[in-house]
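A structural walkthrough
The primary structure of each chain is shown beneath.
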Amino acid sequence: MRSGGGTGMGGNASGNQGESHITAEQARLDRADDGSEAWRDWGPYVAERAWGSVREDYSADGDAWASFPHDHARSRAYRWNEDGMAGFSDLDQNWCLALSLWNGVDPILKERMFGLTGPEGNHGEDVKDYWWYLDGTPTHSWNTWRYHYPQSPFPYDDLVETNAARGKLEAEYELVDTGVFDDSRYWVVTVDYAKDGPHDLLMQITVENAGPDAATLHILPTLWFRNTWSWGYDAVAPRIGMEDGRVVARSDRAGTLVLTGEGLAGELTGEDEPTPLFCDNETNIARLYGQPNGPAHPKDGINDHVVDGADTVNPALEGTKAALHYTVTLGAQESRVIRVRLTRAGEGADADTEAETQAPVQDVAGGFDAVVAARRAEADEFYAALEPAGIHPDEARVLRQAIAGLLWSKQFFHFNVKQWLDGDPGSPPPPPERASVRNAQWRHLNAHDVILMPDPWEYPWFAAWDLAFHCVTIAHVDPAFAKSQLVLMLREWYMHPSGQLPAYEWNFSDVNPPTHAWAAVQVFLLDGGTDMTFLARVFHKLLMNFTWWTNNKDHGDNNLYEGGFMGLDNIAPLDRSKLPPEIGVLEQADSTAWMAMYALDLLEIALRLATNDKAYEDVATKFIEHFLRIAASANGSGLWDEEDAYFYDVLHLADGRDVPLKVRSLVGLVPVVASLAYRGPEVPVLTEFQARTVWFLENNPELREALHRRDDEDGHRNFLLALVSPERLERVLAKVFDEHGLLSAHGIRGVSAYHRDHPFSVEVGGETATVDYEPAESTTGLFGGNSNWRGPVWFPLNVLLIEALRDYAAHDVTESRVEFPLGSGELVTLGEAADAVSERLISLFLPGPDGRRPADARYELLSTDPRWKDNIFFYEYFDGDTGAGLGASHQTGWTALVAHLILTRGR
């Protein structure tokens, strides 16, 4: 069985060379895990976008982008969760602290990131601002965020109009293309958060004028309460006001918070002294709907006051939203630091009302800098302990920023589907048509949690199969949180009573690959391989999910699965989720292989649990038998093409014809992932399991081909369960490791480059569907035109392939060598091949011979400018020819797997 070999800290020793020293951050994490100190209570849990989301869509037609556009975001109270820049909140998002900016010429405050909606972009939704998550620790004792803000007017209209004029064959028109960064006329804004206690948050804002001339910037650290009172549930809204030179926020949910800012108490003079501004986090119904009875100081009151000088802030200095307005003028290359501190009053004392009222003003001048310096140094210490010995500084930077981005992608996710469908007592009822648009059968789903999101702007909602990969990476630094995330998706308020896991909020009923069990095993091992309680918790629920798959996605009860969407979007000629039954049934190579892999993962969990509890021996037997049947069906049906030595989907038409969909893609590579190696000594006491397996194979000899055994020199038996036999694997890998086929310079492509000159077409229902090789964005309109699996490199399946090759290497049935790359004449072991693919993926983020990172090489500014080049984007996917980063630019959900690759290299 898998031996782990990762670097999960697990609350125990840290250090890259077996050191026993406990770092300060690890000690904090240990106290958070044992419940003695609530270091996770406050964190970067604020999304970069809440507008345009399903949760905020109360339309009849389900057009979420149109229902709540960006233009509404500054004026309309959110129902479910907040958004902002560099935002922190508590776990329940009762309050938020974030940054707003104004360059003096924009039509609106920069309170949130701007981007194109799905219909507006020529390649789907697309964020346009440039920002990075540069650092972070698991307890959020230290977090760093950086943003580059143009000094000229932000080209909102130009970005929309120019992209609208471009077609799918043209590149996206990005902010850097507009010229707003020419001559370095922009602000570099860095926010460092440091905690001096679980509920004592220091916010250091550093602004640098990168331009050649003096310029003025308005800086507004902003505190507000999430609106929980306008929907008919809370009778009384919380309040924020001024008391003795400080901003004090009082709430039944959050207690009393004290916000202080440098100069607020009067020790500064002139323009350095901030002006406190107050309004209410409530909808401006006069602006949006033309009604006269709205709040006097609505959500956009601070915006209108700063930008237009309007009388829209409360002169009584109270409300539910407050900002400290700093105006800073700096010469060329000059910098300024602004210090802000948020503390929960009464911390460490008897937190009665009087004690909270008497809480002293916190110091933002003296001790502030010492805390920031200490947390920064402790973060350095934490990552130095994590890094493998001898790591190159460029790789260390990639590792640290990948994990930081993942930590910053934690977001508060609130969605009560029943309330969303039925409406709130304080609001008009939703139109009845919307119940037929999406998610009506998920009324039980009631989310109110902090979850690792795929991306904070383009995907600010959980996706079940993405989350599996997120958890594997985060387990290297915070295994307890990783385990809690995996358990969360299996809880009663997420998992459907039928056993189905929710896919993502656009359609909870969609079907994603079942990677949860795989992730559970990986996280278990990274945590030290001892937490059997965790394994048992996930195992019992996964049994229900496996049964759901068996009952719903095996159309012919023949162990060949139809799955549907399977997360690979438009990789196939047909929309695999919407094939009409009168056309036929599509048996999928990847769905079948995912189920084989699922059976093996559950088998491994059962074997591990059975070493302590023999009750799991029976169910282990079930899953080895189930796997062997799936493997036999996959290999003995038309899914395997002997001539091509590859697996393909097969379309069984209603008229009786079978049509193999001969597209060389990741679909046919998933079968390789269904493998598990283990040694006889690992299961020596499971006599019933061994006896039943022997009996089963003796009575079903046709199923033997997926079980391989070799005896090592110590006399131990080594077993390999694999859907693809070692002999077939060598033939498959010849296709995979062909640089004119699936292998690119930066990993395995989604579709083989062979199809560049040899497109595949099939006629179904009187229409012709075609797949060719598209190395970057796809031209197909499937899945809203924002699906791009027909050629680019994606991290998740690359990582699964690497892990599978290591399984084969661990068993080493034939001690085989494969040519890598094809035609090179160089023969390598399967383990060496796994490392070679891993290195190609890692290289996407490393400076090449020309000093440019392949992912950013197309832009001179991003690649060579000292203020830009070391700030790393983690894109959603990568051009199959050039390695250029594409899609979402902050996809530290699964692209953060590069950190996992760095930490497990050569395992």
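Remember, it's a predicted structure, so these values are computed and weren't measured experimentally. (Residues numbered from 1 in each chain as written. Predicted model: local features only at pLDDT ≥ 70, side-chain atom pairs only at ≥ 80, totals over all residues. Heavy atoms only, no water.)

Before going further, it helps to spend a moment on the overall build of the protein. Counting its secondary structure elements, the protein contains 23 helices and 35 strands. Dimensions along the principal axes, computed over C-alpha positions, put the protein at roughly 85 × 65 × 60 Å. Pairs at least 24 residues apart make up 73% of the contacts formed inside the protein by residues separated by at least 6 positions. Of the accessible surface of the protein, which amounts to about 30400 Å², a share of 48% is contributed by carbon and sulfur atoms. Side chains of the protein carry 74 positive and 138 negative charges; the gap between the two charge centres is 2 Å. (Helix = DSSP H or I, 4+ residues; strand = E, 2+ residues; numbered from the N terminus. Contact = heavy atoms within 4.5 Å. Areas by Shrake-Rupley, 256 points an atom, 1.4 Å probe, with all protein chains shown as cover. Lys, Arg positive; Asp, Glu negative; His and termini not counted. Charge placed at Lys NZ, Arg CZ, Asp CG, Glu CD.)

If you walk across this open sheet you meet the six strands as β1-β2-β3-β10-β16-β14, and the pairing is antiparallel. Each having just a single partner strand, β1 (42-43) and β14 (275-279) make up the two edges of the open sheet. Across the face of the sheet, helix α6 (residues 301-308) comes into contact with β3 (95-102), β10 (215-225), β14 and β16 (321-330) while running at roughly 135° to β14. (Pairing = 2+ DSSP bridges. Axes fitted to C-alpha atoms, helices over the stretch in contact; angles between N-to-C directions.)

Our next topic: unusual backbone geometry. Here the bond from F820 into P821 is cis, since omega is -15°, no more than 30 degrees from zero. Within the secondary structure, P821 sits in the loop between β32 (818-819) and β33 (827-828). Even without being glycine, D183 reaches a positive phi, approximately 60°. Turning to its location among the elements, D183 is positioned in the loop between α4 (156-165) and β8 (186-197). The exposure class of D183 is exposed, given its relative accessible area of 57%. (Buried < 20%, exposed > 50% of the residue type's maximum accessible area, 1.4 Å probe, protein only.)

Now for the sheet that holds strand β23 (residues 649-653). The strand order across the open sheet formed by three strands is β20-β23-β24, and the pairing between neighbours is antiparallel. Of all the strands in the sheet, the pair left with one neighbour each is β20 (584-587) and β24 (658-661). Between one strand axis and the next, the sheet turns by 20° as a mean value, whatever way the strands run. Inspection of the sheet shows β20 paired to β23 by four bridges, in the antiparallel sense. By the bridge assignment for β23, E587 is matched with V650.

Here the focus is the pairing of strand β2 (residues 85-90). Counted residue by residue, β2 has six buried out of six residues, so it is predominantly covered. Relative to β2, β1 runs antiparallel, the two being bridged by two bridges. Note on β2: the bridge partner recorded for W42 is D90. As defined by bridge partners, β2 adjoins β3 across three bridges and the pair is classed as antiparallel. Paired with S89 across the bridge in β3 is C96. Counted along the chain from β2 to the antiparallel partner β3, the turn is four residues long, and its residue Q93 has a positive phi close to 50°.

Take the environment of P119 next. Structurally, the position occupied by P119 is in the loop between β4 (115-116) and β5 (126-127). P119 gets classed as exposed once you look at its relative accessible area, which sits at 65%. A C-alpha to C-alpha distance of 9.3 Å links P119 and A66, two positions 53 residues apart in sequence.

What follows covers the environment of A164. Looking at where A164 falls in the secondary structure, it is placed in helix α4. Between the alpha carbons of A164 and L666 there is a distance of 32 Å; along the sequence they are 502 residues apart.

A few words now on the pairing of strand β7 (residues 142-150). A regular strand places its side chains so that they alternate between the two faces of the sheet. Within β7, nine of the nine residues are buried, which leaves the element mostly enclosed by the surrounding structure. Going residue by residue along β7, you find W142, T144, R146, H148 and P150 tucked away on one face and N143, W145, Y147 and Y149 tucked away on the opposite face as well. Sheet topology note: the strand β6 (residues 130-136)/β7 ladder contains six bridges and is antiparallel. Counterpart to G136 in the pairing with β7 is N143. As consecutive antiparallel partners, β6 and β7 are separated by five residues, and within that stretch H140 has a phi angle of approximately 60°, a positive value. As judged from the nine bridges shared by β7 and β8, these two strands associate in the antiparallel manner. Each bridged residue has a counterpart across the sheet, and for Y147 the counterpart in β8 is V189.

Right, let's get into the state of the cysteines. Under the defined criterion, the tally for this structure stands at zero disulfides. For the unlinked cysteine C96, the closest cysteine sulfur is that of C279, found at 14 Å. A residue is classified by how much of its surface remains accessible, and C96, at 0% relative accessible area, is buried. (Disulfide = S-S within 2.5 Å.)

Glancing now at the pattern of salt bridges. In the structure shown here, the tally under the stated rule is 50 salt bridges. Linking D83 and R112 is a salt bridge whose minimum nitrogen-to-oxygen distance equals 3.0 Å. Of this pair, D83 sits in the loop between α3 (70-73) and β2 while R112 sits in the loop between β3 and β4, and the two are 29 residues apart along the sequence. Relative accessible area serves as the criterion here: at 2%, D83 is assigned to the buried category. Residue E839 is joined to R905 by a salt bridge in which the shortest nitrogen-to-oxygen separation is 3.2 Å. (Salt bridge = Lys/Arg side-chain N within 4 Å of Asp/Glu carboxyl O.)

Moving on to the environment of G87. Mapped onto the elements, G87 comes out in strand β2. A relative accessible area of 3% means that G87 is categorised as buried. Put simply, G87 and G823 are 736 residues apart on the chain and 51 Å apart in space, counted from C-alpha to C-alpha. The residues contacting G87, other than those within four sequence positions of it, are G43, P44, Y45, V46, L97, A98, Y193 and W408.

Orientation of helix α11 (residues 464-474) relative to helix α12 (residues 479-488), taken along the N-to-C sense of each, is 165°, at an axis distance of 8 Å. Between α11 and α12, the angle falls in the class roughly antiparallel. The hand of the α11/α12 crossing is left-handed. Here L467, A468, C471 and I474 of α11 lie close against α12, whose contacting residues are P479, A482, Q485 and L486. Its residues assigned to classes, the contact of α11 with α12 comprises seven nonpolar, one polar and no charged. (Parallel < 35°, antiparallel > 145°, perpendicular 65-115°, else oblique. Left-handed = near helix turned anticlockwise from the far one by under 90°. Nonpolar A, V, L, I, M, F, W, Y, C, P; charged D, E, K, R; others polar.)

Let's shift gears to α4. In an α-helix there are 3.6 residues to a turn, and that puts residues three or four apart on one side. Restricting attention to buried positions, one finds in α4 the residues Y156, L159 and N163. Seen end-on, α4 carries its buried residues on one side only, within an arc spanning 75°. Exposed and facing more than 90 degrees away from the buried side of α4 are D157, E161, A164 and A165. Against the buried residues of α4 lie α3 and β4. (Arc of directions from axis to C-beta.)

Let us look at the packing of α12 against helix α14 (residues 532-552). For any two helices packed against each other, the geometry comes down to the angle between their axes and how far apart the axes lie. At a closest axis distance of 10 Å, the pairing of α12 and α14 adopts a crossing angle of 20°. Classified by the interaxial angle, the pair formed by α12 and α14 is roughly parallel. Judged by the twist between their axes, the crossing of α12 over α14 is left-handed. Listed contacts from α14 to K483, L486 and V487 of α12 are F534, R537 and V538. Among the residues forming the contact of α12 with α14, the class breakdown is four nonpolar, no polar and two charged.

Moving on: helix α23 (residues 897-904). Taking burial as the measure, the eight residues of α23 include eight buried ones, the bulk of the element. Along α23, the residues that are buried comprise L897, V898, A899, H900, L901, I902, L903 and T904. Where α23 ends, the next residue or the one after it, G906, has phi of about 75°, a positive value.

Attention shifts here to the confidence of the model for the protein. This prediction gives the protein a mean pLDDT of 92; 94% of its residues lie at or above 70. A low-confidence stretch, residues 5-18 stays under pLDDT 50, and its non-local contacts, those more than four residues away or across chains, total 42 contacts. With pLDDT under 50 throughout, residues 348-359 is counted as low confidence; its partners more than four residues away or in other chains account for eleven contacts. (pLDDT = per-residue confidence, 0-100.)

Our next topic: the packing of aromatic side chains. Two descriptors summarise a pair of aromatic rings, namely the distance from one centre to the other and the angle between the planes of the rings. Tallied over the full model, the rule gives 57 aromatic pairs. Both rings, one in F539 and one in F623, keep their centres 6.4 Å apart while their planes meet at 75°; by these two values the pair is edge-to-face. In this pair, F539 is assigned in helix α14 and F623 in helix α16 (residues 617-636), connecting sequence segments 84 residues apart. For F623, a relative accessible area of 0% puts it in the buried group. Each member of the aromatic cluster is reached from another via a ring pair, and the members are Y130, W132, F181, Y186, F795, F845, W868, F873, F874, Y875 and F878. Over the ring of W51 we find R49; its NZ or CZ atom is 5.7 Å from the centre of that ring. In this arrangement the basic side chain of K483 is found over the ring face of F534, its NZ or CZ atom lying 6.0 Å from the centre. (Phe/Tyr/Trp six-rings, centres within 6.5 Å; stacked < 30°, edge-to-face > 60°. Lys NZ or Arg CZ within 6 Å of the ring centre and 35° of its normal.)

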